[in-house]
Amino acid sequence: ALQTTMDPEELETMLAAGTRSIEAWELYLQAQDTLSSRHHGSHTGLGDDVLDLLQQAVAIDPAFADAHIGIAGIYNSHFRRSSMMKLAGVASNAEARELFGEAISAASAHARSEAARLEYQALLADAEVRYDDLLAISKQWAALQPEESDALIQLMAAQLFAGDYAGSANSALRAADLFRDEGHSLAATYQYLHRVDVDAALSMVQEELRKTAVRGSDLYQAHRVLLYAGDIEGAAQLVPQLLRTMDDEGSNYMVKIRQACAEGRVADADALYQQAAETEMRQSNDWLFLKTLGFDDRARLSLLPFDNPDDFYELGSFMSYTTFDPNDFPYFASRLAEQGVSRPPAHKIPFACKRD
């Protein structure tokens, strides 16, 4: 606490996050550190541990907006099917959605600026599968803060969800320029950009790989971009380093399956899929495994139970994939049509296993 009060930069960061309580700030930092240090390992109990720290922070300072948003993010992860971070203390997804909304409302009530309020409302629109509202809010935020990389990343995602792929690519390129100026990784941009402009994403990956040190999470995204671009040999060269740097078993299986499919080793990919059965990643996102393996019908059937008025929001988790076809799910597609959302035809994963 004494170090914080004596460090002008740390104190400024704390105040910008929305709290004057050093005790609440220390709990928030501990939550962030817990999330970061265990993000690519086992997710069991992670959400509960982080949530407990954040709830302690807002109990001390109820006006701590960033802590409320952190709480919202944990609940959001719980009810997202593609997320591996689940909460033991939440009875149902409906309860998690309600608690998420409460956290967003608390954050909005204490928002430090109009830009921050728009950011929070964008999170709510995304979770509620209101992509027309999400796009409008994201445009307002980006217009208000055109040099803010987070605003451009949000706009990039909103445009992708709404089917404006050209706009999404443009926002990604603008965000990448800001990340370069800030000295940050470009992975947040090429993670999505490769789905709408693979050449631009490949250029970013090549730029990243020239660095002396690249994080395992960034290598994971880079490996996928290389496969999308058809550089199977280049992707293969990343695999040993990837497997050494990532300690999430499910992600490691996905890397191996992608590489096996790209190289035409279908039997190896199928065997790896069976071995991955107990991993958190396969259980939370079996759709992605099945699509990569070339089992498109099985992938569609795995999500079909969610195509109803109570569970359709689950399908929103997959809108970041341009290989996801909303028209496979009539109720979900009807909700998008009501919003005027129309996406280009879904494409196949270019390196997916080829089936006879």
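So, how was this worked out
- Residues numbered from 1 in each chain as written.
- Predicted model: local features only at pLDDT ≥ 70, side-chain atom pairs only at ≥ 80, totals over all residues.
- Heavy atoms only, no water.
- Helix = DSSP H or I, 4+ residues; strand = E, 2+ residues; numbered from the N terminus.
- Rg over C-alpha atoms; globule rule 2.2 N^0.38 Å.
- Buried < 20%, exposed > 50% of the residue type's maximum accessible area, 1.4 Å probe, protein only.
- Contact = heavy atoms within 4.5 Å.
- Areas by Shrake-Rupley, 256 points an atom, 1.4 Å probe, with all protein chains shown as cover.
- Lys, Arg positive; Asp, Glu negative; His and termini not counted.
- Charge placed at Lys NZ, Arg CZ, Asp CG, Glu CD.
- Salt bridge = Lys/Arg side-chain N within 4 Å of Asp/Glu carboxyl O.
- Core = buried A, V, L, I, M, F, W, Y, C linked by side-chain atoms within 4.5 Å.
- Expected span 1.5 Å × (residues − 1).
- Phe/Tyr/Trp six-rings, centres within 6.5 Å; stacked < 30°, edge-to-face > 60°.
- Axes fitted to C-alpha atoms, helices over the stretch in contact; angles between N-to-C directions.
- Parallel < 35°, antiparallel > 145°, perpendicular 65-115°, else oblique.
- Left-handed = near helix turned anticlockwise from the far one by under 90°.

**Student:** How should the overall build of the protein be read in this particular structure?
**Tutor:** Regarding its fold elements, the protein presents 20 helices and zero strands. Here the protein has a C-alpha radius of gyration of 20 Å; the compact-globule value for 356 residues is 21 Å, and the two agree. On the principal axes, the C-alpha backbone points of the protein span a range of 65 × 50 × 40 Å. Within the protein, buried positions represent 53% of all 356 residues. In the protein, 55% of the contacts between residues at least 6 apart in sequence involve partners at least 24 apart. Split by element, the accessible area of the protein, about 15900 Å² in all, is 49% carbon and sulfur. For the protein, the distance from the average site of its 30 positive side-chain charges to the average site of its 54 negative ones is 6 Å.

**Student:** I'm lost on the pattern of salt bridges in this one. Help?
**Tutor:** Proximity of charged atoms lets side chains of opposite charge pair with each other. The final tally for this structure, using the stated rule, is 15 salt bridges. A salt bridge links Arg-265 to Glu-263, with the nearest nitrogen and oxygen atoms 2.9 Å apart. Glu-263 gets classed as partly exposed once you look at its relative accessible area, which sits at 38%. Here Asp-296 and Lys-291 are joined by a salt bridge, their closest N and O atoms 3.5 Å apart. Residue Asp-296 is classed as partly exposed on the basis of its relative accessible area of 24%.

**Student:** What exactly am I supposed to notice about the nonpolar core here?
**Tutor:** Counting 119 residues, the largest nonpolar core has Tyr-190, Phe-324 and Phe-332 as the members making the most contacts within it. It is helix H9 (residues 149-162) that provides the largest number of residues to this core, a total of nine residues. Excluding residues that lie within four positions of it along the chain, Tyr-190 makes contacts with Ala-201, Met-204, Val-205, Glu-208, Asp-218, Gln-221, Ala-222 and Val-225.

**Student:** Can you walk me through helix H15 (residues 249-262) in this structure?
**Tutor:** Taking 1.5 Å as the rise per residue, H15 with 14 residues should run 20 Å; its terminal C-alpha atoms sit 20 Å apart, in good agreement. Buried residues dominate H15, accounting for twelve of its 14 residues. What H15 keeps buried is the set Gly-250, Ser-251, Asn-252, Tyr-253, Met-254, Val-255, Ile-257, Arg-258, Gln-259, Ala-260, Cys-261 and Ala-262. Of the surrounding secondary structure, the elements contacted by the buried residues of H15 are helix H13 (216-228), helix H14 (232-245), helix H16 (266-275), helix H17 (280-284) and helix H18 (286-292). Gly-264 sits one or two residues past H15 and shows a positive phi near 80°.

**Student:** Could you clarify how one ought to interpret unusual backbone geometry in this entry?
**Tutor:** Excluding glycine, most residues fall at negative phi; most peptide bonds, likewise, are trans. Phi angles above zero are rare outside glycine, and Val-129 is one such case at about 55°. Along the chain, Val-129 falls in the loop between helix H7 (114-127) and helix H8 (131-144).

**Student:** What exactly am I supposed to notice about the packing of aromatic side chains here?
**Tutor:** For any pair of aromatic rings, geometry is given as the distance between the ring centres together with the angle between the planes. Tallied over the full model, the rule gives twelve aromatic pairs. Measuring from centroid to centroid gives 5.6 Å for Tyr-228 and Phe-351, while their planes differ by 80°, and the two rings are edge-to-face. Placement of Tyr-228 in helix H13 and of Phe-351 in the segment after helix H20 (330-338) is noted, with a sequence separation of 123 residues between them. For Tyr-228, a relative accessible area of 15% translates into the label buried.

**Student:** What should I look at first to understand the packing of helix H5 (residues 65-79) against helix H6 (residues 93-109) in this one?
**Tutor:** A pair of packed helices can be characterised by two numbers: the angle between their axes and the separation between those axes. Relative orientation of the contacting elements H5 and H6 amounts to 160°, with a least axis distance of 8 Å. When the axes of H5 and H6 are compared, the pair comes out roughly antiparallel. Both H5 and H6 take part in a crossing whose hand is left-handed. Together, Ala-65, His-68, Ile-69, Ile-71, Ala-72, Tyr-75, Asn-76, His-78 and Phe-79 of H5 and Asn-93, Ala-96, Arg-97, Leu-99, Phe-100, Ala-103, Ile-104, Ala-106 and Ala-107 of H6 make up the contact between the two elements.

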